[in-house]
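# Overview (structure and organization)
Residues per chain are reported as follows:
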Amino acid sequence: MSWLDYNTVSRSQYLSTVLSHLRIDALSEVVQREWFQGLPPNDKSVVVQGLYKSMPRFFKPRLGMTKEEMIIFIEATAENPGSLYSSVCYSPQAEKVYKLCSPPAELHKVGTLVSPDNDMYIAGGQVPLKNSKTNHSKASKLQAIFRTVNFFYWFDAQQNTWIPKTPMLFVRVKPSLVCCEGYIYAIGGDSVGGELNRRTVERYDTEKDEWTMVSPLPCAWQWNAAVVVHDCIYVMAHNLTYCYFPKSGTWVEMAMRQTSRCFASAAAFGDKIFYIGGLHIGSNSSIRLPTNTVDGSSVTVEVYDVNKNEWKMAANIPAKRYSDPCVRAVVISNSFCVFIRETHMNERAKYAIYQYD
């Protein structure tokens, strides 16, 4: 708006023409609001007229056009009683929730990935059989029969729709998805193929739209978390950590954690890997509830230094109450944060974001 302030009287008549060449909706909603509210009162009528001529949906940024960093939830609890899940994204800056197109065919228990280029993918999961009977009411014990799939979709943010890509080579439930050196890796996940299939790892070439097998995991895990640091893939489950080197195609066992947990969330930030929450696992692989849990969910945080190859305990998650699995390790605005639900699932949802210092 410095251009308009330079000579408001003579340049106001050209405002509509100038704005027609600007991507107003590419600005974050927060910036739009501050920009509009900061204009001189006597210029607002001119500005509003120009804005609405060039961009009728001003203050309503179209999905995929915002520059805000958002947290994606592919399987959020649906408001509609007839649906199991809905897909949303949350903007911490605008403090607003935007709805996404839900995955097709009632697909759920998928692996999710947002690439460095801000492309969003989902892989694997389960779909209900068409002839199965489904009853989502609490009083009924009837459940749908699901089929495990190898589907792979890319999200077209401009059209708010999921575009099918070449399916994976194996069916998987909740595989870990990471992007490393321009390729997408689908790692482990539960499947109908038993232990051997849970060890499989495959790589996707986005340019060729094809999958190829790579070296399998050293262990068969149903639950794992994976992150990328310095072009290496770190996979974690229980108290184990393995590092995959794509150039040599080899797995190397790294330092062990002090606690054994599953369903945990992990995120890489700088040279550190944060492994948070989850459920504790006993020596016999059964879930147990130690003293450092809240409502049966772990509040433990461990941090791995990739340069020193060592894990250290960090401050616990600062929450008095939350329900697993709604705790996520995320990097927002160049800061490591924890997004968490602080209320029980049968209570009104209350969420919070804590920044790690």
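Quick summary incoming for the structure in this document.

So, how was this worked out
- Residues numbered from 1 in each chain as written.
- Predicted model: local features only at pLDDT ≥ 70, side-chain atom pairs only at ≥ 80, totals over all residues.
- Heavy atoms only, no water.
- Salt bridge = Lys/Arg side-chain N within 4 Å of Asp/Glu carboxyl O.
- Buried < 20%, exposed > 50% of the residue type's maximum accessible area, 1.4 Å probe, protein only.
- Pairing = 2+ DSSP bridges.
- Helix = DSSP H or I, 4+ residues; strand = E, 2+ residues; numbered from the N terminus.
- Axes fitted to C-alpha atoms, helices over the stretch in contact; angles between N-to-C directions.
- Lys, Arg positive; Asp, Glu negative; His and termini not counted.
- Polar contact = N/O pair within 3.5 Å; in protein donor to acceptor, adjacent residues only side chain to side chain.
- Contact = heavy atoms within 4.5 Å.

## Focus: the pattern of salt bridges
Evaluated as defined, the whole model comprises five salt bridges. Here D190 makes a salt bridge to R198, at a shortest N to O gap of 3.6 Å. Here R198 falls in the buried class, since its relative accessible area comes to 18%. E310 is the salt-bridge partner of K312, the closest N and O atoms lying 3.8 Å from each other. On the basis of relative accessibility, which here comes to 29%, the residue E310 falls in the partly exposed class.

## Some remarks on the sheet that holds strand β27 (residues 327–332)
A sheet is described by the order of its strands in space; here three strands give the open sequence β27-β28-β29, paired in antiparallel fashion. What marks the edges here is a single partner per strand, and that holds for β27 and β29 (351–355). Going across the sheet, the axis of each strand differs from the next one's by a mean of 25°, ignoring polarity. Across six bridges, β27 lies against strand β28 (residues 335–341) in antiparallel orientation. Directly across from V327, in β28, lies its bridge partner I340.

## Focus on the pairing of strand β12 (residues 201–205)
Burial analysis of β12 places four of its five residues in the buried class, which makes it a mostly covered element. Bridge count between strand β11 (residues 183–187) and β12: five bridges; the pairing is antiparallel. Note on β12: the bridge partner recorded for A186 is E202. Pairing analysis gives five bridges linking β12 to strand β13 (residues 210–214), with the strands arranged antiparallel. Bridge assignment links E202 to a residue of β13, and that residue is M213. Between the antiparallel neighbours β12 and β13 lie four residues, among them D209 with a positive phi of about 55°.

## A closer look at the sheet that holds strand β10 (residues 176–180)
The sheet built from four strands is open, its strands ordered β10-β11-β12-β13 with antiparallel pairing. Both edges of this open sheet fall to β10 and β13, since each of them pairs with a single strand only. Within this sheet the neighbouring strands show an average axis-to-axis angle of 25°, counted without direction.

## Comments concerning the side chain of D205
Its place among the elements puts D205 in strand β12. For the buried D205, no salt bridge exists, and the shortest N-O distance to an oppositely charged side chain is 4.6 Å, to K208. A distance of 2.9 Å separates a polar side-chain atom of D205 from the backbone nitrogen of E207. Filtering out sequence-adjacent residues up to four positions away, D205 remains in contact with Y183 and E210.

## Points about the pairing of strand β17 (residues 250–253)
The two faces of the sheet receive side chains in turn, since in a regular strand these alternate between them. Pairing geometry for strand β16 (residues 240–245) and β17, over four bridges, is antiparallel. Across the sheet, residue F245 finds its bridge partner in β17, namely T250. Here β16 hands over to β17 after four residues, with G249 in that stretch at a positive phi of 65°.

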